[in-house]
Amino acid sequence: FTSTREKFSTSVNTTQVSKGVRMKPKVSTSFSCVKTVESVYTGGQVEWFKDMAFTLARGAVNVVRKGEVISMLKEEEDQIISFTLAGSDTEVTVVTAHKSGLVRIWDCLVVEQPKVIRTFRSIHNGAISVLGLHTLSGSHSGTVLATGGTEGTVKVWDLTSQYFTHNFRTSSTVCSTLTFHPHKLLLYGGFSTGGLFCWDLTNSKLVQSMEAHFSVVTAFSITPCGLKGVSCGRDAVCVVWDLTSHSKVSTVPVFSPVEGMVMMDSLKVVLATGDKLAVWDLNTPAKISEAEMGCDVTSLRGQVDTLHCTTSDHNLLTISQTNLAVTGCTVGNN
């Protein structure tokens with residue numbers, strides 16, 4: 001019995017070894033990386049320009065095109081905490097605010113090779129929470145930059161002449177939105193405590209304290225004619241303003257906190273409320289249409305005939321303005 005078992009065991013082992021030798025694959029022991037897919041968006045601020053998305057990630061700004069990071073705006077040991085951009089066919093300018101208090105201006109006309117063209121100190125006592133760029137027209141030509149801080153101040157810079165022009169102080173805390181008037185030298189600033197202020201850039205005076213909101217003001221938009229404005233916030237209302245007298249015209253409840261707004265036409269707006277995008281006519285007022293995005297919308301931006309939004313699951317969506325249909329999606333974080 002013992003000899004039979006030994007013979008059977010020897011036979012099985014021989015078969016396994018012989019099969020292992022015949023079926024051994026020939027593989028290479030060294031590989032070269034052709035392409036790496038990584039996270040392009042993990043939350044935070046996003047701005048769009050043409051077919052590119054500029055996303056804030058890990059203390060830098062990623063330039064994303066077709067789901068791939070093509071370049072990066074980054075300074076070693078000096079994290080970027082907020083940014084803004086403006087561009088045309090001949091130039092693309094990105095302004096970044098850093099943890100150190102420095103502000104850097106980048107030339108991104110060749111997006112694959114962004115370069116710093118100017119650096120200056122912001123003079124804010126705290127961090128810069130929001131920035132805004134505006135190109136002046138008429139007799140006042142040039143480009144101005146507004147910076148809103150976490151200490152309740154707003155500062156204005158003339159980037160063409162390279163000097164600091166205005167310093168506006170408020171009793172509020174964190175600045176949440178900045179908007180320039182399209183036809184006048186006026187600047188509007190919204191804050192986390194619900195404050196909304198208008199300043200005159202010609203005499204550096206406060207024009208009006210526009211009191212209506214009880215929570216953070218998330219957006220302020222002005223009609224193309226410049227006669228009316230709309231503010232919205234997390235108190236679930238939209239307020240229509242007469243920008244001639246800076247008085248409140250009406251308050252429209254939208255029944256959900258608003259995270260973003262895009263002005264489509266005269267008092268016709270798209271609102272980001274919860275997991276939906278809704279089109280409202282504030283003249284009537286009435287909700288015209290809405291579309292679900294699958295999860296909460298965290299920010300909303302607009303371009304010609306196109307909307308862009310970010311979601312809480314880190315997706316970057318491109319949406320048609322006509323029917324609110326999703327025409328493109330970039331998964332920011334796998």
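Residues numbered from 1 in each chain as written. Predicted model: local features only at pLDDT ≥ 70, side-chain atom pairs only at ≥ 80, totals over all residues. Heavy atoms only, no water.

Trainee: Got a minute to help me understand the sheet that holds strand β5 (residues 80–87) in this structure?
Mentor: The strands that make up a sheet pair up through hydrogen bonds in the backbone, lying either parallel or antiparallel. Overall, antiparallel pairing links the 4 strands, which are arranged β5-β6-β7-β8 in an open sheet. Strands with a single pairing partner mark the edges of an open sheet, and in this sheet they are β5 and β8 (115–121). Looking at each pair of strands side by side, their axes are set apart by 20 degrees on average, direction ignored. For strand β7 (residues 102–107) and β8, the ladder comprises 6 bridges, and the chain directions are antiparallel. The partner of D107 across the bridge, within β8, is K115. (Pairing = 2+ DSSP bridges. Helix = DSSP H or I, 4+ residues; strand = E, 2+ residues; numbered from the N terminus. Axes fitted to C-alpha atoms, helices over the stretch in contact; angles between N-to-C directions.)

Trainee: I tried to follow the nonpolar core on my own but got confused; where do I start?
Mentor: Soluble globular proteins tend to bury their nonpolar side chains together. In terms of nonpolar packing, the biggest core is built from 16 residues, with V230, C238, M261, V269, L271, W280 and L282 touching the most fellow members. Elements that contribute at least two residues to this core include exactly β18 (228–233), β19 (237–242), β21 (258–265), β22 (268–273) and β23 (276–281). Broken down by element, the residue count for this core peaks at 3 residues, all from β21. Discounting residues that sit within four places of it in the chain, L271 has contacts with C238, V254, V258, G260, M261, K276, L277, A278, W280 and L300. (Core = buried A, V, L, I, M, F, W, Y, C linked by side-chain atoms within 4.5 Å. Buried < 20%, exposed > 50% of the residue type's maximum accessible area, 1.4 Å probe, protein only. Contact = heavy atoms within 4.5 Å.)

Trainee: I tried to follow the side chain of Q321 on my own but got confused; where do I start?
Mentor: The topology assignment puts Q321 in the loop between β27 (315–320) and β28 (326–331). Within the structure, the side chain of Q321 is placed 3.4 Å from the backbone oxygen of Q303, a separation counted as a polar contact. Those residues within four positions of Q321 in sequence are excluded, and the remaining contacts are V262, M264, Q303, D305, T306 and L307. (Polar contact = N/O pair within 3.5 Å; in protein donor to acceptor, adjacent residues only side chain to side chain.)

Trainee: What's the story with the state of the cysteines in this structure? I'm lost.
Mentor: Formally, a disulfide is one covalent bond, and it connects the sulfur atom of one cysteine to the sulfur atom of another. Taken as a whole, this structure holds 0 disulfides when the rule is applied. Note on C238: no disulfide assigned, nearest cysteine sulfur contributed by C232 at a separation of 5.1 Å. With no disulfide of its own, C309 lies 8.7 Å from the sulfur of C295, the closest cysteine sulfur. (Disulfide = S-S within 2.5 Å.)

Trainee: Please explain the side chain of S82 as it appears in this structure.
Mentor: By the secondary structure assignment, S82 is in strand β5. A relative accessible area of 1% means that S82 is categorised as buried. Beyond its immediate sequence surroundings of up to four residues, S82 is in contact with Q45, L56, V95, T96, A97, I128, S129, V130 and L131.

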